[in-house]
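This is what each chain is made of:
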Amino acid sequence: TSNVLTAPTTDIASASPASAENAAREAQDFVNAAGQASLVEIRTSEMALEKSSSADVKAFAQMMIDNHKAAIDKLKAAASAASLMPPADVLDDFHMRRINDLVETDGDADFDADYAALQIDAHNDAIKLFEDYARDTDATAQLKMFADETLPTLQVHKAEAEKIRDIATKTDKTANPS
């Protein structure tokens, strides 16, 4: 009798063609999603630099821009090393709607609170994406390393966004600090 159980492999080249194709598709999906996440955080942070009058919000926004531009560069390098397409430089429809919601909700009156809420939501999504990919046994090595290295920064960003939200909601008596 033959042993039908085999050890999982993370080496795409030695995997069966179907599992190698699936691992490559998952890796490209991760590259695309991670790229979109960084782009939305950069674009909304550029808006915050223009619209916010808070020094704290502007400092946070500049950190988002700098960190996520660096993350995109690392993501492009990891994607290239894994023979994958780089992330898109243009936001998809879903992420464009997220940005449009930020500017269309109720004007600039409570922009800082809306921006902080969007950053918290975006970082929650990104943390889940990165954690899921980092735990994937079929993850491409270069991207798994990128996910593992980037996760702590995303967690710090979320905590900082929560501080910004708390500051913004204190200045807006109508905001709900939930």
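Bear in mind that the values here come from a model prediction, so they are computed numbers and not experimental data. Counting restarts for each chain, with residues numbered from 1 along the sequence as it is written. pLDDT decides what is reported in this predicted model: residues at 70 or higher carry local features, side-chain atom pairs at 80 or more are listed and counted, and totals for whole chains, interfaces and linings draw on all residues regardless. Note that the side-chain values use all heavy atoms of the structure and ignore hydrogens as well as water.

Draft legend 1. Highlighting the environment of phenylalanine 30. The helix count covers DSSP runs of H or I at least four residues long, the strand count covers runs of E at least two residues long, and both are numbered beginning at the N terminus. Topologically, phenylalanine 30 is positioned in helix α1 (residues 17-51). As a C-alpha pair, phenylalanine 30 and leucine 129 span 99 residues in sequence and 7.7 Å in three-dimensional space. Throughout, a contact is declared for two residues whenever any of their heavy atoms are within 4.5 Å. In this structure, phenylalanine 30 is in contact with Leu129, Phe130, Tyr133, Leu143, Phe146 and Ala147, ignoring residues within four places of it in sequence.

Draft legend 2. Seen up close, the environment of alanine 159. In this fold, alanine 159 is placed in helix α5 (residues 141-171). Sequence spacing of alanine 159 and histidine 123 is 36 residues, and the spatial spacing of their C-alpha atoms is 9.4 Å.

Draft legend 3. Expanded view of the packing of aromatic side chains. When two rings of Phe, Tyr or Trp (its six-membered ring) have centres within 6.5 Å they constitute a pair, described as stacked for plane angles under 30 degrees, edge-to-face for angles over 60, and tilted for the intermediate range. Per the counting criterion, the structure on display carries six aromatic pairs. For the pair phenylalanine 30 and phenylalanine 130, a centre-to-centre distance of 5.1 Å together with 70 degrees between the ring planes defines the contact as edge-to-face. Of the two residues, phenylalanine 30 sits in helix α1 while phenylalanine 130 sits in helix α4 (residues 111-135), which places them 100 residues apart along the sequence. Taken as a pair, phenylalanine 30 and phenylalanine 130 share a single burial class, namely buried. Ring geometry for phenylalanine 60 versus tyrosine 115: centroids 6.0 Å apart, planes at 70 degrees, classification edge-to-face. Residue phenylalanine 60 is located in helix α2 (residues 55-81), and its partner tyrosine 115 is located in helix α4; the two are separated by 55 residues in the primary sequence. Residue phenylalanine 60 is classed as buried on the basis of its relative accessible area, which comes to 4%. A 1.4 Å probe rolled over the protein chains alone gives each residue an accessible area, and that area as a share of the maximum for its type sets the label: buried under 20%, exposed over 50%, partly exposed in between.

Honestly, that's just the spatial picture; any functional story needs more than this.
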